[in-house]
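What the coordinates show
Given next are the chains, with one letter for each unit.
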Amino acid sequence: MTADELMRVSPVIPVLVIGPDADPVMIAEALVEGGIRVLEVTLRTPQALAAISTMRRVSGAIVGAGTVLDPNQLQASRDEGAEFIVSPGLTERLGRAAIDSGLPFLPGVASAGDIMRGLDMGLDRFKFFPAESSGGRSAVKALAAPFGQVRFCPTGGIRPDTAAEWLALDAVSCIGGSWLVQPGDDHATILGRARAAAALR
Ligand code: 3PG
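The text that follows walks through the structure, step by step, so that each part is easy to find.

Criteria and cut-off values
- Residues numbered from 1 in each chain as written.
- Predicted model: local features only at pLDDT ≥ 70, side-chain atom pairs only at ≥ 80, totals over all residues.
- Core = buried A, V, L, I, M, F, W, Y, C linked by C-beta atoms within 7 Å.
- Buried ≥ 20, exposed ≤ 12 C-beta atoms within 10 Å, placed from the backbone.
- Contact = placed C-beta atoms within 7 Å.
- Near = placed C-beta within 6 Å.
- Nonpolar A, V, L, I, M, F, W, Y, C, P; charged D, E, K, R; others polar.
- Helix = DSSP H or I, 4+ residues; strand = E, 2+ residues; numbered from the N terminus.
- Expected span 1.5 Å × (residues − 1).
- Arc of directions from axis to C-beta.
- Right-handed = clockwise from strand over helix to strand, strands pointing away.
- Pairing = 2+ DSSP bridges.

1. Some details on the nonpolar core
If you look at the biggest cluster of nonpolar residues, it comprises 62 residues, and the most contacted ones within it are L31, V41, I52, I85 and F128. Contact partners of I52, with chain neighbours within four places excluded, come to V41, V63, A65, S77, E80, G81 and A82.

2. Section: the site of the ligand
Around the ligand, the structure places V15, F129, T155, G156, G157, I158, G176, G177, S178 and W179. Tallied by class, residues from the shell around the ligand come to four nonpolar, six polar and no charged.

3. Some points on unusual backbone geometry
Most peptide bonds adopt trans geometry, and most residues besides glycine take a negative phi value. For the bond from F129 to P130, the omega torsion is -15°, close enough to zero to count as cis. Secondary-structure assignment places P130 in the loop between β6 (125-128) and α7 (136-144). Residue T67 is not a glycine yet carries a positive backbone phi of 55°. Tracing the chain through its elements places T67 in the loop between β3 (62-66) and α4 (71-79).

4. What about helix α9 (residues 187-198)?
End to end, α9 covers 16 Å across twelve residues, agreeing with the expected 16 Å (1.5 Å per residue, within 8%). Residues of α9 that are buried: I190, R193, A194 and A197. Buried residues in α9, looked at end-on, bunch into an arc of 100°, giving them a common side. Looking at the buried residues of α9, the elements they touch are β1 (12-16) and α2 (24-33).

5. Quick word on the pairing of β6
Residues in a regular strand point their side chains to alternate faces of the sheet. Side-chain alternation along β6 places R125 and K127 on one buried face and F126 and F128 on a second face that is also buried. In the classification by handedness, the crossover that spans strand β5 (residues 105-109), the intervening helix α6 (residues 112-120) and the parallel β6 is right-handed. Two elements, β6 and strand β7 (residues 151-154), share four bridges in a ladder whose sense is parallel. Within β7, the position partnered with K127 by the bridge is C153. Read as a crossover between parallel neighbours, the route from β6 over α7 to β7 is right-handed.

This is how it looks when you write it as C-alpha cells:
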C-alpha cells in the first residue's frame, strides 16, 4: 500500500494513546465497525508497541505507529507488525529508514522548507502538524499553491465541528485527530464517533 492509498481508506485517522487501562481490541473493533480502519497507535505509552500487534489481529484494521521519532522506534514498530509510520516531523535519518522499510510513511511538515526536504527524499504525502497552530486551513491552501502534487493529512487541534471544513480542501486527503477515542470510552461511544467520522467523506 502506498501512503496515498493509506490516506484514502478512511477520512479520519484516529490518533490513539493507549494507556494501561485501555482495551486495544475493543477500541480497534469499535473503530473498524464504525468504518474507521486506519489506526495510528502513538508511541507515547509503554503499552503502545504491544497494542500494535494486538490490534493487528482485528479483522479489517490497518494498524500503524505514530509519534515515531527515530529509526530505532521505526524498527520496534515494524517488529510488532506496524503497517505504516507517522512522525511529527521529518529528519534525514528517520526519512531514509522509513523509505528503506517500504512502509507508507507520513512525516509531519509545517512549512515550505519542510515540504521541500521531503520532496528531495521522494516524499509527497505528509502529515500537516500541528495543523491548527501552524496556520490552519489557510496555511494548507497557501502551501498547496507551489506544491500542487502534495497531499496532506492535517492533524493537531482538529475537532468534530471543524473536520468537514478541513476535508473540503483539495490538498487534504484525510485528517487525523485524537477526539475519536478518549480514556474510559466504551464500545458504543467509540462506535458512534467512528460512524460520524466515517460519514464525513
Ligand atoms: C498528534 O499527535 O497528532 C496530536 O496529538 C493529535 O492532535 P489532537 O489531539 O489535537 O487531535
